[in-house]
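One-letter residues, chain by chain:
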Amino acid sequence: MRKFIKRSSKKAGSAPGTLVFVGEKKAEKVTFTIIDYDADNLQETEVASVDECLAYRDKKSVTWINISGLHDVVIIEKLGEKFNLHPLLMEDIVNTEQRPKLEDYDDYLFVILKMLYSVEGNHVIQHEQISLIVTPSVVISLQEKEGDVFDPVRQRIRKGKGRIRKNGTDYLAYALIDTVVDHYFKVFEEIGEKIEELQEQVLEKPSPELLQSIQNLKREMIFIRKSIWPLREIISGLLRSESALIKEDILPYLRDVYDHTIQVIDTAETFRDMLSGMLDIYLSSLSNKMNEVMKVLTIMATIFIPLTFIAGIYGMNFEFMPELKWHWSYPVLWIILITIFVAMVFWFRRKKWL
Amino acid sequence: MRKFIKRSSKKAGSAPGTLVFVGEKKAEKVTFTIIDYDADNLQETEVASVDECLAYRDKKSVTWINISGLHDVVIIEKLGEKFNLHPLLMEDIVNTEQRPKLEDYDDYLFVILKMLYSVEGNHVIQHEQISLIVTPSVVISLQEKEGDVFDPVRQRIRKGKGRIRKNGTDYLAYALIDTVVDHYFKVFEEIGEKIEELQEQVLEKPSPELLQSIQNLKREMIFIRKSIWPLREIISGLLRSESALIKEDILPYLRDVYDHTIQVIDTAETFRDMLSGMLDIYLSSLSNKMNEVMKVLTIMATIFIPLTFIAGIYGMNFEFMPELKWHWSYPVLWIILITIFVAMVFWFRRKKWL
Amino acid sequence: MRKFIKRSSKKAGSAPGTLVFVGEKKAEKVTFTIIDYDADNLQETEVASVDECLAYRDKKSVTWINISGLHDVVIIEKLGEKFNLHPLLMEDIVNTEQRPKLEDYDDYLFVILKMLYSVEGNHVIQHEQISLIVTPSVVISLQEKEGDVFDPVRQRIRKGKGRIRKNGTDYLAYALIDTVVDHYFKVFEEIGEKIEELQEQVLEKPSPELLQSIQNLKREMIFIRKSIWPLREIISGLLRSESALIKEDILPYLRDVYDHTIQVIDTAETFRDMLSGMLDIYLSSLSNKMNEVMKVLTIMATIFIPLTFIAGIYGMNFEFMPELKWHWSYPVLWIILITIFVAMVFWFRRKKWL
Amino acid sequence: MRKFIKRSSKKAGSAPGTLVFVGEKKAEKVTFTIIDYDADNLQETEVASVDECLAYRDKKSVTWINISGLHDVVIIEKLGEKFNLHPLLMEDIVNTEQRPKLEDYDDYLFVILKMLYSVEGNHVIQHEQISLIVTPSVVISLQEKEGDVFDPVRQRIRKGKGRIRKNGTDYLAYALIDTVVDHYFKVFEEIGEKIEELQEQVLEKPSPELLQSIQNLKREMIFIRKSIWPLREIISGLLRSESALIKEDILPYLRDVYDHTIQVIDTAETFRDMLSGMLDIYLSSLSNKMNEVMKVLTIMATIFIPLTFIAGIYGMNFEFMPELKWHWSYPVLWIILITIFVAMVFWFRRKKWL
Amino acid sequence: MRKFIKRSSKKAGSAPGTLVFVGEKKAEKVTFTIIDYDADNLQETEVASVDECLAYRDKKSVTWINISGLHDVVIIEKLGEKFNLHPLLMEDIVNTEQRPKLEDYDDYLFVILKMLYSVEGNHVIQHEQISLIVTPSVVISLQEKEGDVFDPVRQRIRKGKGRIRKNGTDYLAYALIDTVVDHYFKVFEEIGEKIEELQEQVLEKPSPELLQSIQNLKREMIFIRKSIWPLREIISGLLRSESALIKEDILPYLRDVYDHTIQVIDTAETFRDMLSGMLDIYLSSLSNKMNEVMKVLTIMATIFIPLTFIAGIYGMNFEFMPELKWHWSYPVLWIILITIFVAMVFWFRRKKWL
């Protein structure tokens, strides 16, 4: 439930620009990883403080500063000061329950994204807020916890082949966003499997627990939708942006990631439709079971009630019941009972109930 | 129900600009609290009449006049005259069933907001209309009753740190709107808890009273939605406004509160979805219960009806029923009855009904 | 049903501009009431023919000609000729099943509105078409029948205070439209009460008649919606209009009535939502009742079926049934029967069925 | 079903501009009716071939060529050649499963409409494609079969009064479109009656056949909707058109027919809503019936099951059952049975089941 | 399920522009078919490698290169190099799970379409991605597998009549797109038949398997919708395109194919509506069956339960039951039983249950 009420009440009332970490602490300490490169050179370092990052601020080569851990607001505040960032931006970074968005502060772009993780085994989707600050020579990425999600980008930089080393911070930012979007497909594959599993079960054994699972997945999708819909605006915002930070030869790549975003949204909508459809099947499956139960009851009752009545008749103690005295009464009665039984069975068969 | 028909019929037919208080009287008397400040000075007073407020009208420092209690239309009318406000605006202030809106009267801005309160214990959402009049040097805020909702803003002004003392009336207005929006998160947390509570109950014991609660909450959400959707227009109206009253360095703050508004709306929509989903669960939970009831009936009836029939057969009084004379008839019959019973139980178990 | 197919087939095929009265005749004769005023003078007359109205056509003071009764197309046609109105406009006036609309004929504005009445006691909503023709010095209002709905406006003109006497035909037209919109609130209050009444009944005794009532009210709302949605366009059309007939100082008043229209639409939408929700409650209420019925049946059948079986066993006539001879059989059997009975009752209580 | 897949597969693969008649042949032979008129003269002829029509092509007076029967593609092709029409346009004319549309070919306008007919008695809606080609001096109208739908227009031309004789081809085209739209009201009146009929039946006897009827009507409405929605675009296209063919004094007439189109669409939407609502009533009516059935069963079973049990008890053959010997046992038992019966009936009455 | 998660996770993380074939290999080897033509000449060849295609690159005549088989990324990569195509475009071609789209790379246009096939017999819809690259003198079409879908276009080129030989690559591209769109109608006819089949079954025998079929078809439609909605944008993109590649005399043809696309979308929406409606009928059909079952049970139980009770009464063994001794008791009892039976049957008939 927590994640639907995104901004915690503990923040409410504080002055804007006050840094308050909202979320759960996911990393032990704040780590700074720096990759500095141009077409020819590459330097990777891990530094201990914001001050050490500062050296790269005005370097002409492309510098990627990756910061993991947002709970230490003092460090984040210092980063803001040193890199001259707007206080509201800093506030958004540490409030990990932001909506994805793009903001253009003339000198730098600010992007908030949601990374989705599916924890193996239990199909629970976890999310992490990723912030990107893009200046002409530096990209700062901030994650809630250390993770290997950006490793493919690191590999491409290290290998030095491909376009990444020849391009600027805009291409690096694109590569990072693309990685996040690509990750959605991975999560969606798992959700797809889960949906298929549910779909098989829903016809076989519709239980309240299954309904619960469907509802949980549906709610999961509501949350995911809210993470990915704004993505579309963000990327179309970058495409239409007049910022000098986005060079024109980057546009085809942005269009490409835009296409992927549309695909992600399409898939999410499809999942939603399928989950809604599943509820219909669930209900009709319940009705079917009920029908089956009722048929069994009706068949049994309808066959035996008249038979029992006949037996009851001849259990009466009237003194003058001629049939009771007749010698063939009993076998004749059995013939009658069996005839009624067989006729009933035939009738039910004709009605397709048997 | 009252709150859905916002404009009372008692107003219908009166000339526009006629001040008629519509709503319930929530305060005993009208109180005027004035905070007058600039970067260096701060003065707080409580005055008794509109005339005393007038002194601050043309003062260069920022003056915040907070008025609690709207039922005394004479006072409100006088305020309008002294501050030269449009009669329709005055009419909107005292009609507490207005839709939130922003109006730009060149010399001043007029904003109507809805404050939401959740009364502890009974989860009933109460609302209060808050009007803001923003002139170059004065912000007049009008509340239906005295409340401490703006206290954090007062604290920030008193402490003198932060941006509030260095900025003009636009920033003060922003701070007040931000406080109202922040308050929504608080109310939503309580609604969220209520929804979670209902969600647990709906699977366990679906009662008509529970359905009633769900419907009440749903209606509550309809009302809340109508309070918060216009907020979005109001703030985007302020953002796009060409009014000289909104200075450019305020825009990032307005964008920030705009983001929060979107989050509030998102959450409200999510709640709506969850409440709709709950109705589906409710109905399917009812079907499940019915299924269970039917199964018990069917199992009992199906097992005992044939057995009773057999007992009925040997209760018949025919003179010539050879079985009645046989010595082992009775124990053999018990074996047959038990066999049928066991077979039935097995059959139901195979059908997964037991 | 009639009112959903607005244009009668009796009109189909006739040439455009042919005046054919479509609707039911609601007034006996056509009456002309004239109020002619400026800031200082006021003259009220009732005239008998169009010709007498003509005198006021070019007078500089504001003239309001109210015509009740549209069935006499000859009179209406003459009015059109004398005041030089477009034939299609005249056709729209007498076809009382028009959609509300605004048309700008350069020299004059033409507005069609729907007035709603709730006939006391039976909650049936009646409607009446009101047409307004606004020229620089004359406002002609046409009603289907004589009514007192515009009386408050007349009162305000007579009293001579307020803005109405100091303003032109645009203000008078605004005042008339405002009166119509205000009247909606009155009708909505009654509908609101009716909805509340239904809501109480739907949980207590869901009958087909109640469902019928809900559906009727729903259909009523469909019709009302079609009357009020176009209102929004009409008033925003007046607001954006470049017609010289609408002076700028009228705009705040139009914005005010626009706000009211939005409120009316909001309320109508809320009613629609509530009526839809009621159907859900109705269905689930039915399911609940069914569940209750089934439980009673199941409890009775499940308790007595095994007991009856046991009684049946000892009603058998086998010669060799040792229990029949035992002295304590009968009381022991009663103990067994009562034990089963009590066990069953306990079991049902644990299942919360009792 | 056919009509939902509009373009037949027999066309697929042929070159664009190839004339293939798609639809069912509704007329025996192609007939050409020509009315040529100006304010003073009127000439009506029926010709046998396209060549004879050609004489009117460049005549200054207004010529209306009505062609009935589209199955003979050779004739249609010749028409295209003689009047210099675009091949794709000709293809659209003979493919009678087109969507209504407006196309502006500079020299002429091309309009496709759908005429609806309700065949008396069986409420089946039939449709016919009507194409209009409007040049400065000629209007060619093409119908699938001979029909009298345009007779009112012919009458108005013949009578020579009204505007039609004084105006050009644009007014004639307007008159024809207006006639088609007016015809919708006629069809809708019949549908309205059918809906009312269904509505009465749905509460009384909800049968699968009735459901079928509702579904059929719903599907009919889907089809009609697809015929009338594009009409709106067509007429607003004509209104906004910059074609020299549409003169300005025609615009009020087009606005009038536009209003009617909106009314038609409104009514169609209302019908859709009503039909959807009917399904809800149908389902709840079924539930109601089920409830009633269950109540009867429960009342009968609940009353007689305990009574039968008691009778069963005293049917047991134990030797030592003191009650059996008592003289008043039997009448006392009857009193007990009747007491139970009456108590049950009272209990059911209190529960409102009886 | 696979097809709903369009971009495979095996691609995630690789650099943009890396060619990875995503999809299933549908062709054995890559084949190149070349048709080179102008108004007078025509040359058809099948070549073995990209290099041989290169000769046609700068030829003035229109060249259509059809490539079947996309799994060999080396060949596709070479094609990209030789024809100077953007790497992202090449990536899209081999990733067969793209969304249909149009991209304008100034020198050439790039179009991705989805071809639908219905495999005879089992109603499963298969899809194939078709890419078109349109340069001033060459159209390259890429298919996943060899197919005869473009044969009609080939025939038209060979026959040399019609417009195709006289026009450029834009007309050829139009012809190819038109062929794909026309093919949809064929597929839709089969789906239409399938829907009709289901519709007949749903009222007769609503089984869970049928529900499954409906759901499968619904999901199929979701997928098809996602293939055809973007088509609309593509073609309207071509219509509004300012590319020099699209000449003006092609526009009427594009408008024609646009109309067909709208028809395709309309039909898809109609199918969706019908499938949704079918679910409603399914559920109500289930309810109907249940009702019928319950009626049978109720009638049987209600008739025989009182009769059995009466028989039970006279099975009691009280010593003093005067009726047992009377001579006419037994026949009188039969008369009573039959009377009750007949009365019950009458009562049920009056209630319309029989």
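Reading the values: the criteria
Residues numbered from 1 in each chain as written. Chains lettered and ligands numbered in written order. Predicted model: local features only at pLDDT ≥ 70, side-chain atom pairs only at ≥ 80, totals over all residues. Heavy atoms only, no water. Helix = DSSP H or I, 4+ residues; strand = E, 2+ residues; numbered from the N terminus. Contact = heavy atoms within 4.5 Å. Buried area = accessible area lost by both parts, 1.4 Å probe. Salt bridge = Lys/Arg side-chain N within 4 Å of Asp/Glu carboxyl O. Polar contact = N/O pair within 3.5 Å; in protein donor to acceptor, adjacent residues only side chain to side chain. Nonpolar A, V, L, I, M, F, W, Y, C, P; charged D, E, K, R; others polar. Least-squares fit on C-alpha atoms with pLDDT ≥ 70 in both. pLDDT = per-residue confidence, 0-100. Buried < 20%, exposed > 50% of the residue type's maximum accessible area, 1.4 Å probe, protein only. Pairing = 2+ DSSP bridges.

A.B. asks: Help me understand unusual backbone geometry, please; the structure alone is not making it clear to me.
C.D. replies: With the exception of glycine, the majority of residues adopt a negative phi angle, and the majority of peptide bonds are in the trans configuration. Its identity as a non-glycine residue notwithstanding, Lys352 of chain A has a phi of 65°, on the positive side. The residue Lys352 of chain A is located in the segment after α9 (329-350) in this model.

A.B. asks: Mind showing me how you'd approach the interface of chain D and chain C here?
C.D. replies: The figure often quoted for interface size is the accessible area lost as the parts come together. The interface of chain D with chain C comprises 62 residues on the first partner and 64 residues on the second. When chain D packs against chain C, close to 5600 Å² is buried across both sides, 66% of that on carbon and sulfur atoms. Among the residues chain D hides against chain C, the three largest losses belong to Phe309, Phe318 and Phe320 of chain D. Together they make up 12% of the total. For the pair chain D and chain C, the interface holds 3 salt bridges. Seen at the junction of chain D and chain C, the total is 12 residue pairs in polar contact (both at pLDDT 80 or more). Elements represented by at least two residues in the side of chain D that touches chain C include exactly α4 (151-159), α5 (169-204), α7 (251-313), α8 (322-325) and α9 (329-350) of chain D. Among the elements that take part in the side of chain D that touches chain C, α7 of chain D stands out by supplying 33 residues, more than any other. Within the side of chain D that touches chain C, the residues separate by chemical class into 30 nonpolar, 16 polar and 16 charged.

A.B. asks: Where do I start with the relation of the copies chain D and chain C in this structure?
C.D. replies: Structural alignment of chain D on chain C gives an RMSD of 0.1 Å, achieved by rotating through 72° and translating 0.1 Å along the axis. Taken together, the rotation and translation describe the operation of a five-fold axis. It is Gly315 of chain D whose C-alpha, among those of chain D, lies nearest the rotation axis, at 4.4 Å.

A.B. asks: Would you mind showing me how to read the confidence of the model for chain A here?
C.D. replies: Atom-level detail of predicted coordinates should not be read off regions where pLDDT is low. Model confidence for chain A is summarised by a mean pLDDT of 86, while 95% of its residues fall at 70 or above. The complex prediction reports pTM at 0.81, with the ipTM value standing at 0.76.

A.B. asks: How should I be thinking about the pairing of strand β3 (residues 62-68) of chain C in this particular structure?
C.D. replies: Sheet faces and side chains relate simply in a regular strand, where the side chains alternate between the two faces. Residues and elements named next belong to chain C. Among the 7 residues in β3, 7 count as buried, and that is most of the element. In β3, alternate side chains face the same way, and those of Val62, Trp64, Asn66 and Ser68 on one face and Thr63, Ile65 and Ile67 on the other are all buried. As paired elements, strand β1 (residues 31-37) and β3 share 7 bridges and run antiparallel to each other. Note that in β3 the partner of Phe32 across the bridge is Ile67. Bridging between β3 and strand β7 (residues 138-143) involves 6 bridges; their strand directions are parallel. Each residue of the ladder has a partner; that of Ser68, found in β7, is Gln143.

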